[in-house]
Amino acid sequence: MKLNLICILFLSQFIFGQNHLEPAKNYFDLYDYQYEYYGKVKSLLLNGLDDRPKIRLLVFPSFSKEYIFQIENDENSTEYYNIIVKEPTEGSIWGITEGNPDFNINVTTYTSKLKKEDYTLLYQLIYPAIIKTKFRTDNSSGLDGTTYLLSIWDSGIKSSKTWSPRNPNLKELIFILETVADKARKNKEISFSKDFKQTITILTQKLNKKLTHQEIEFLLNFNKRILQIKEDYRSIIISSDLENFYEQLDRIHDEIQTLVIENGIYYSQIDDLLNLEARYLFNDLDTEEELNEVELEKYRERIKNDNPIFKLKEIYKSGL
């Protein structure tokens, strides 16, 4: 029964991990101002484009131009696909229309061609990232950054989004797409280099990676240790810090899980992550206002000398 509970807890965290694309909002989730803004974006940037894009990337930066990058079928060729990049000419749609909703906005359009074999590489890269879309389970969000809305056509539009991704694989995915969009702005035909193809292939393999029995067992045991540490330190962490402490442990769990899922069990990388978290785990904890300076110092010293991440690493180094 205990093992079943551990499996359920692990699988719930596996399913709802945070280093991935997230579902895009639908029409009925939008606030009024978003409806008006996205309506302008659609009328300006999507107007005239195929409503069944093979690949589409909509980019919404905080302080620069929005743009759309889209790959479509070429009706006159079986060897090439069409690439279209559209962006406002003068500046961002948000910035121009804020306080002046009726301002006439000009749009610059770039067109290019992409070989079928290169398109196939891109599609095979993007497909698993979208198919593995998951909801976030934390409350973190950002204001200044860039939102990327990524779509493919697969028996209908499938869309996901990410905001200024920190995860290395998602960062590389966005970098690849932005690189192709930038090439399309400058060239009437694009041909991927050998190195660029290799970059895409390696990232595709990471996104398609399946867990081995050893990796699943490792993650189950790691999850078990996280749960034990939460219980062991319940009486050590003062009440106002406990929730923050749990959140930080969950973040460590997610980072280790992502590392294993994407790269396998590379112990040196996991060591590095645990060492980093051990240094910063308690830096941001709040404290009870009624603790005087002496009590507070004793509390901090106790936590420092009895760091749960050091304990976790001792268990981890012994093979979990």
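Whatever comes next refers back to the structure up there.
Definitions and cut-offs
- Residues numbered from 1 in each chain as written.
- Predicted model: local features only at pLDDT ≥ 70, side-chain atom pairs only at ≥ 80, totals over all residues.
- Heavy atoms only, no water.
- Salt bridge = Lys/Arg side-chain N within 4 Å of Asp/Glu carboxyl O.
- Helix = DSSP H or I, 4+ residues; strand = E, 2+ residues; numbered from the N terminus.
- Buried < 20%, exposed > 50% of the residue type's maximum accessible area, 1.4 Å probe, protein only.
- Pairing = 2+ DSSP bridges.
- Contact = heavy atoms within 4.5 Å.
- Axes fitted to C-alpha atoms, helices over the stretch in contact; angles between N-to-C directions.

Considerations on the pattern of salt bridges
Evaluation of the coordinates by the stated rule reveals eight salt bridges. Across the pair D74 and K113 runs a salt bridge whose closest N-O atoms are separated by 2.5 Å. Here the residue D74 occupies a position in the loop between strand 3 (67–73) and strand 4 (80–88), and K113 occupies one in strand 5 (residues 107–115), the gap between them amounting to 39 residues. On the basis of relative accessible area, D74 is assigned to the buried category, the value being 10%. For K113, a relative accessible area of 28% corresponds to the partly exposed category. Residues participating in the shared-partner salt-bridge network are E117, D118 and K197.

Concerning the environment of F222
Residue position: F222 is located in helix 7 (residues 213–232). Take F222: its relative accessible area is 1%, and that puts it in the buried class. With 90 residues separating them in the primary sequence, F222 and L312 have C-alpha atoms 8.8 Å apart.

Looking at the environment of F196
Within the element layout of this structure, F196 appears in helix 6 (residues 194–207). For the pair formed by F196 and T179, sequence separation is 17 residues and the distance between their alpha carbons is 9.9 Å.

Comments concerning the pairing of strand 6 (residues 146–153)
With seven bridges connecting them, strand 2 (residues 55–61) and strand 6 associate as antiparallel partners. Of the residues in strand 6, the one forming a bridge with I55 is I152. When strand 6 meets strand 7 (residues 157–163), the two strands line up antiparallel, connected through seven bridges. Bridge pairing links T147 to W163 in strand 7.

Quick look at the sheet that holds strand 1 (residues 22–23)
In space, the eight strands of this open sheet follow the order 1-7-6-2-3-4-5-8, with mixed pairing throughout. Among the strands making up the open sheet, the edge pair consists of strand 1 and strand 8 (189–190). One ladder, built from six bridges, connects strand 3 with strand 4; its direction is antiparallel. Residue pairing in the sheet places I68 in a bridge with K86 of strand 4. Of the strands in this sheet, strand 2, strand 3, strand 4 and strand 5 touch helix 2 (residues 32–46), which is tilted by about 130° from strand 2.

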